[in-house]
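# Results of the structural survey
Okay, here's what each chain looks like letter by letter:
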Amino acid sequence: MTNTSGNGAKLPRGRFAPSPTGFIHLGNAWSFLLAWLACRSRGGQMVLRMEDLDPQRSRPEFAQAILRDLSWLVLDWDEGPDKGGPHAPYVQSGRSHLYEEAVARLRAEGLVYPCYCTRKELRALASAPHAGEAGPAYPGTCAGLSEEECRAREAFGRRPALRLRCPPGEGGEERFVDLARGELCLSPAGLGDFAVRRSDHVWAYQLAVVVDDAAMGVTQVVRGEDLLDSTPGQVRLFRLLGHVPPEFLHVPLLVDEEGERLAKRHASLTLAALREAGVAPEAVVGWLGRAAGFLPAPAPCAARDLLPLFVPGLLPRGPVTVPKDILERLRALS
Ligand code: GLU
Ligand code: ZN
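Residue positions are given per chain, counting from 1 as you read along its sequence in written order. All chains are assigned letters beginning with A, and all ligands numbers beginning with 1, in the order in which they are written. In view of the model being predicted, local features appear only for residues whose pLDDT reaches at least 70, and side-chain atom pairs are presented and counted only at 80 or more, with totals across whole chains, interfaces and linings using the full set of residues. Water and hydrogen atoms play no part in the side-chain values, which are based on all heavy atoms of the structure.

### Brief notes about the site of ligand 1
Put simply, the test is: Only heavy atoms are used to decide nearness, and a residue is near a molecule or strand if one of them lies within 4 Å of it. A 3.5 Å cut-off defines polar contacts: any pair of N or O atoms within that distance qualifies, except that in protein one atom must be a possible hydrogen donor and the other a possible acceptor, and neighbouring residues in sequence count only when both atoms are side-chain atoms. Under the convention used here, a 1.4 Å probe and the Shrake-Rupley method define accessible areas, while residue burial counts only the protein chains that appear. Side-chain classes follow a simple rule in which Ala, Val, Leu, Ile, Met, Phe, Trp, Tyr, Cys and Pro form the nonpolar group, Asp, Glu, Lys and Arg form the charged group, and the remainder, Gly included, forms the polar group.
If you check the shell around ligand 1, you find R15, A17, S19, E51, Y205, V209, R223 and L227 and nothing else. A distance of 2.9 Å separates a nitrogen atom of ligand 1 from a polar atom in the side chain of S19. Contact between ligand 1 and R223: an oxygen atom at 2.9 Å from a side-chain N or O atom of the residue. Within the complex, 74% of the 290 Å² of free accessible area of ligand 1 lies under protein. Looking at the shell around ligand 1 residue by residue, the classes come out as four nonpolar, one polar and three charged.

Have a look at this one:
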């Protein structure tokens, strides 16, 4: 196994990081296709990691369906829950010890503190007018509690969440590369002191994704533009934990004609539903390849046919609208 190309350049290690909380739809297929192309077009390796942190919403049958649907699109990976590999397990629910260890290190440096705010108190913040996609910034209510004050709250049965200190103006901005946008320098302060562990002991996505990408040697992260707000906070975490952050590519979102991003309620746009309606995988890939700007017109094609055409700069700047008659269009390409 080699991780350098003939000319000595480092080959990327990319990843699929699906949450097994539902069937994958056209919007997920778009992000996965672009992640695969970004990595494989440079001869890199792909890791598949199941992000099943949320015990309430994750289901093993969805995890199975994700493996099936990615394979249907002929997107492959080198390491994953089904294949094993040097960084097993490739399922976040089996990796708590690594999150524990990372948080213990941050805590020892005073970078993490317990937060006793109740859901109700936090919900009141969430209805604030400027609460964005990533939720409202936590105002730091518990940032200055003494040990005694913490003990008093625990005596009342309150279990704390854990938050990373990310005060505005402190620590400055974080620098990272986005393959479409170039070098960005953004402040994580918009997130406020974000949670690294919930009060019910569920590890936060923000922490787990950084610990795992670092541990698995991931050097390239391709994901939806909706997560761009989270990236400066994650880059900060990479840095605080002593790791070099990966390169990023934040890709536009797929939206319906009302401008709503594709989600669970667009049940007819799951790959399973499309397949059942007679759509071929080459039709899905061809339509997405056209939407990405890699093909001059929608035409059936295999993912590997897009490899030489992949150029991040060609991706559209804003959301991509999925037309109402998408099923007819995909059928016509099948
Ligand atoms: N599991 C996350 C999701 O599905 C992954 C986000 C990421 O790529 O960092 O939204
Ligand atoms: Zn608090």
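### Focus: the coordination of the zinc ion (ligand 2)
Condition: For Na, K and Ca the donor cut-off is 3.2 Å, and for all other metals it is 2.8 Å, counting N, O and S atoms only; because water is absent from this set, sites may look incomplete. The rule is simple: four donors are tetrahedral if all their angles sit between 85 and 135 degrees, four are square planar and six octahedral if opposite donors span more than 155 degrees and the others lie between 65 and 115, and anything that fits none of that is irregular. Only protein chains enter the accessibility calculation, which uses a 1.4 Å probe; a residue whose area is less than 20% of its type maximum is buried, one above 50% is exposed, and one in between is partly exposed.
Summarising the metal site, the zinc ion (ligand 2) is bound by the protein donors C115 (SG), C117 (SG), Y138 (OH) and C142 (SG), whose distances to it range over 1.9 to 2.3 Å. Geometry at the zinc ion (ligand 2) is tetrahedral, judged from the four donor atoms that bind it and their angles of 102 to 123 degrees at the metal. Sequence spacing of the donors to the zinc ion (ligand 2): C-x1-C-x20-Y-x3-C. There is no split in this pair, since C115 and C117 are both buried.

### Things to note about the packing of aromatic side chains
To describe a pair of aromatic rings, one takes the distance between the centres and the angle between the planes. Basically, it comes down to this: Two rings belonging to Phe, Tyr or Trp (six-membered ring only in the last case) form a pair when the distance between their centres is within 6.5 Å. Interplanar angles under 30 degrees mark stacking, angles over 60 mark edge-to-face geometry, and anything in between is tilted. In this description a helix means any DSSP run of H or I spanning at least four residues, a strand means any run of E spanning at least two, and both kinds are numbered starting from the N terminus.
Applying the stated rule across the entire model yields six aromatic pairs. Ring centres of F16 and F32 lie 5.6 Å apart, and the angle between their planes is 90 degrees; on these two criteria the pair is classed as edge-to-face. A residue pair is termed long-range when its members are at least 10 positions apart, and F16 in strand β1 (residues 13–16) and F32 in helix α1 (residues 26–40) qualify at 16 residues. Summarising the burial analysis for this pair, F16 and F32 share the class buried. Taking the centre distance of 5.1 Å and the plane angle of 90 degrees together, the rings of F23 and F62 count as edge-to-face.

### Thoughts on the pairing of strand β2 (residues 45–48)
Short version of the rule: The definition of a right-handed crossover adopted here requires that, viewed with the strands pointing away, the path from the first strand over the helix to the second runs clockwise.
By the alternation rule, side chains of β2 split into Q45 and V47 and M46 and L48, which are all buried. Read from β1 through α1 to β2, the crossover connection turns out right-handed.

### What about the pattern of salt bridges?
Selection rule: The term salt bridge refers to a side-chain nitrogen of Lys or Arg lying within 4 Å of a carboxyl oxygen of Asp or Glu.
Under the counting rule described, the total for this entry stands at 27 salt bridges. Residue R68 pairs with D69 through a salt bridge whose shortest N-O separation is 3.1 Å. Under the relative-accessibility criterion, R68 is labelled partly exposed at 40%. With relative accessibility at 0%, the residue D69 sits in the buried group. Note that R265 and D256 form a salt bridge whose closest N and O atoms lie 3.9 Å from each other.

### Examining the nonpolar core
General note: in soluble globular proteins, nonpolar side chains tend to be found buried as a group. We apply this condition: Definition of nonpolar core: a set of buried residues of the types Ala, Val, Leu, Ile, Met, Phe, Trp, Tyr and Cys, connected through side-chain atoms within 4.5 Å. Should any heavy atoms of two residues lie within 4.5 Å, those residues are counted as being in contact.
Judged by nonpolar contacts, the single largest core of 52 residues is most densely connected at L26, W30 and L34. Elements with a contribution of two residues or more to this core: α1, β2, α2 (60–72), β9 (247–251), α8 (271–276), α9 (281–291) and α10 (326–333). At 11 residues, α1 tops the list of elements feeding residues into this core. Excluding residues that lie within four positions of it along the chain, W30 makes contacts with V251, P252, L254, L288, A291, A292, L315 and V320.

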